[in-house]
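Residue strings, one per chain:
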Amino acid sequence: MAEFIQKVFGNKDDNDEEAAESNELLNKVPPVEQVMNVVVFLKDRSGIHFTLEDAPLTNCSSLLHLVIHEQGLPAEATDVFCCWLVSPIIELRLKKHHNPFEVVQRWDELCARYTDASNDEIHDSEPVLMVQRDVFFRKEQEKHIQNEQILCLLYHEAKYNVIEGRYILHEEDYHYLAGIQALIHLGSFDSHQHVIANYRADLIKFYPEHMYAQPRFGFLKRSNSHTAPVEELFMEAHRRASEELAYIASRDNLAQLYRKYLELLWTYPFYGGAFFNGVVEGKTNRLRRFILPNPDVRVKACINTEGVCLFNQAKVELLLYVPFTQLSWTWQDLPWDGDSDPPPTLMLQFICDEQAQNEPGKPVTKLLQVYSREARLMDALIETCVSRKLESLASNPDADFLDGGVGDTSERKILNKLEKLTLETYTQDGEQLESV
């Protein structure tokens, strides 16, 4: 399949020159001041202040070691975390040799290249230097962590992704996680101390907005309306967590509570991924299709060491998850043709259970185009993840390509919503069958 996608869309090496230009944005920068004050933030909302006397020589590796030393973290933290520059419009993982101060000096140029933001939005999107989970740190490695401080930081980052609606979960899992979070921050449930009014006031701290927000018009009912008010379910989740995890809470064992929170998220295949902005072509019913073109759907692409996931956060739904074992990909950036300036595009081709009508028993492949200024960044991340997988497999032939093995029953079953996407269908020999 990889050969086919190269045959249709060209070889990825054709874009090496443009990739080199991208690297120049991070490597060729004007000099910075010798002495600088810097604050490095962590996902628990704490900040660490440093005065650096040799800022031009301070790379991300050095900064990470300073943070780890200041926080008293064990040496294994260097594998778990890395430096990121985070803003409302783009998040960039920095390599160990990058100098963050020099990258910030070219921030406007990077945003103009990799986002659709306006000049005003770019001007207002001052980045924050953060130390957070490294996207290349495998979930299987994370399961062996015992250090409470590392688990705490991973917990806070996971909690942020849940409450901000970046991770889209099954509804009952939101309540389970809220119960554990309440046990960590509010203590064990006490019917005299913990009353329904307090839970109602704290919903914003424990749930993503779509779980408690009311529709703008009172006569509209939400499709996922709850059988009981969310605050009541929240209180019940706290009570249940206090009972089921009493053996942990009674010993004030925060490390185990952090682990319980993370354990549920480990069952989702997109955990620990990096997020990118994109647009895909949605699909309407046949009647509307004759009148109106298919709508553009804004998506969040989440890429981790196992595969690619697409979320429609506006409608709170997971559209697609494809593990690397079933994926071929490439990207293209067509030149301006005088009439239009097409955005860069990430091509995702994957095996589908659907079978060709004229060849029963033979599965087909689907092709999805994700339009995004960050297509080049997504392509580079996928390529690195797959390369690392293959290197690991070569050094350990008995290991499975997947972390948990093909038969890993601990992962949540993810149902792709292909019917909501405009896809092209091919046989595995490369013959296009239809446009769906």
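What this report covers is the structure whose coordinates are included nearby. (Residues numbered from 1 in each chain as written. Predicted model: local features only at pLDDT ≥ 70, side-chain atom pairs only at ≥ 80, totals over all residues. Heavy atoms only, no water.)

1. Comments concerning the packing of helix 10 (residues 171–186) against helix 13 (residues 230–244)
Working step 1: Running from N to C, helix 10 and helix 13 cross one another at 65°; their axes reach a closest spacing of 8 Å. Regarding helix 10 and helix 13, the two cross each other, and that crossing is right-handed. Between helix 10 and helix 13, the residues in contact are H175, A178, G179, I180, A182, L183 and L186 and V230, L233, F234, A237, H238, A241 and S242, respectively. (Axes fitted to C-alpha atoms, helices over the stretch in contact; angles between N-to-C directions. Helix = DSSP H or I, 4+ residues; strand = E, 2+ residues; numbered from the N terminus. Left-handed = near helix turned anticlockwise from the far one by under 90°. Contact = heavy atoms within 4.5 Å.)

2. Topic: helix 15 (residues 254–266)
Working step 1: With 13 residues, helix 15 extends 18 Å between its outermost C-alpha atoms, agreeing within 8% with the 18 Å of an ideal straight helix rising 1.5 Å per residue.
Working step 2: Among the residues making up helix 15, those that are buried are A255, L257, Y258, R259, Y261, L262, L264, L265 and W266.
Working step 3: The inward-facing, buried residues of helix 15 contact helix 8 (139–142), helix 9 (148–163), helix 10 and helix 14 (246–249). (Expected span 1.5 Å × (residues − 1). Buried < 20%, exposed > 50% of the residue type's maximum accessible area, 1.4 Å probe, protein only.)

3. Let's talk about the sheet that holds strand 4 (residues 91–93)
Paired through backbone hydrogen bonds, the strands of a sheet run either parallel or antiparallel to each other.
Working step 1: Sheet architecture is open: five strands sit in the order 2-1-5-3-4, paired in mixed fashion. Each of the sheet's edge strands pairs with one partner strand only, and the pair in question is strand 2 (47–52) and strand 4. With strand direction ignored, the average angle separating the axes of adjacent strands in the sheet is 35°.
Working step 2: Relative to strand 5 (residues 128–133), strand 1 (residues 36–42) is paired through two bridges, and the arrangement is parallel. (Pairing = 2+ DSSP bridges.)

4. Some remarks on helix 6 (residues 107–114)
Since one α-helical turn is 3.6 residues long, residues separated by three or four positions face the same way.
Working step 1: Those residues of helix 6 that sit buried are W107, L110, C111 and Y114. Looking straight down helix 6, one finds its buried side chains confined to an arc of 100°; they lie on one side. (Arc of directions from axis to C-beta.)

5. Overview of empty space enclosed by the protein
Working step 1: Under the counting rule described, the total for this entry stands at one cavity of 30 Å³ or more.
Working step 2: Of the pockets and cavities examined, the largest cavity occupies roughly 60 Å³.
Working step 3: Forming the boundary of the largest cavity are R133, V135, F137, K139, P269, Y271, G272, N304, T305 and E306.
Working step 4: Partitioning the lining of the largest cavity into residue classes produces four nonpolar, three polar and three charged. (1 Å grid on protein atoms, 1.4 Å probe; cavity = no way out; pocket = protein on both sides within 12 Å on 5 of 7 lines; lining within 4 Å. Points joined across faces, edges and corners; volume = space filled by probe spheres on them. Nonpolar A, V, L, I, M, F, W, Y, C, P; charged D, E, K, R; others polar.)

6. Let's talk about the nonpolar core
Working step 1: Within the largest apolar cluster, 79 residues are counted, with the highest numbers of intra-cluster contacts made by F81, L169, Y207, L265 and F270.
Working step 2: Leave out the neighbours within four places in its chain, and Y207 touches I163, Y174, H175, A178, Y212, V230, L233 and F234.
Working step 3: Counting residues in hydrophobic clusters, the runner-up holds 38 residues, among them A274, L319, W329 and I382. (Core = buried A, V, L, I, M, F, W, Y, C linked by side-chain atoms within 4.5 Å.)

Shape descriptors only; they carry no functional weight alone.
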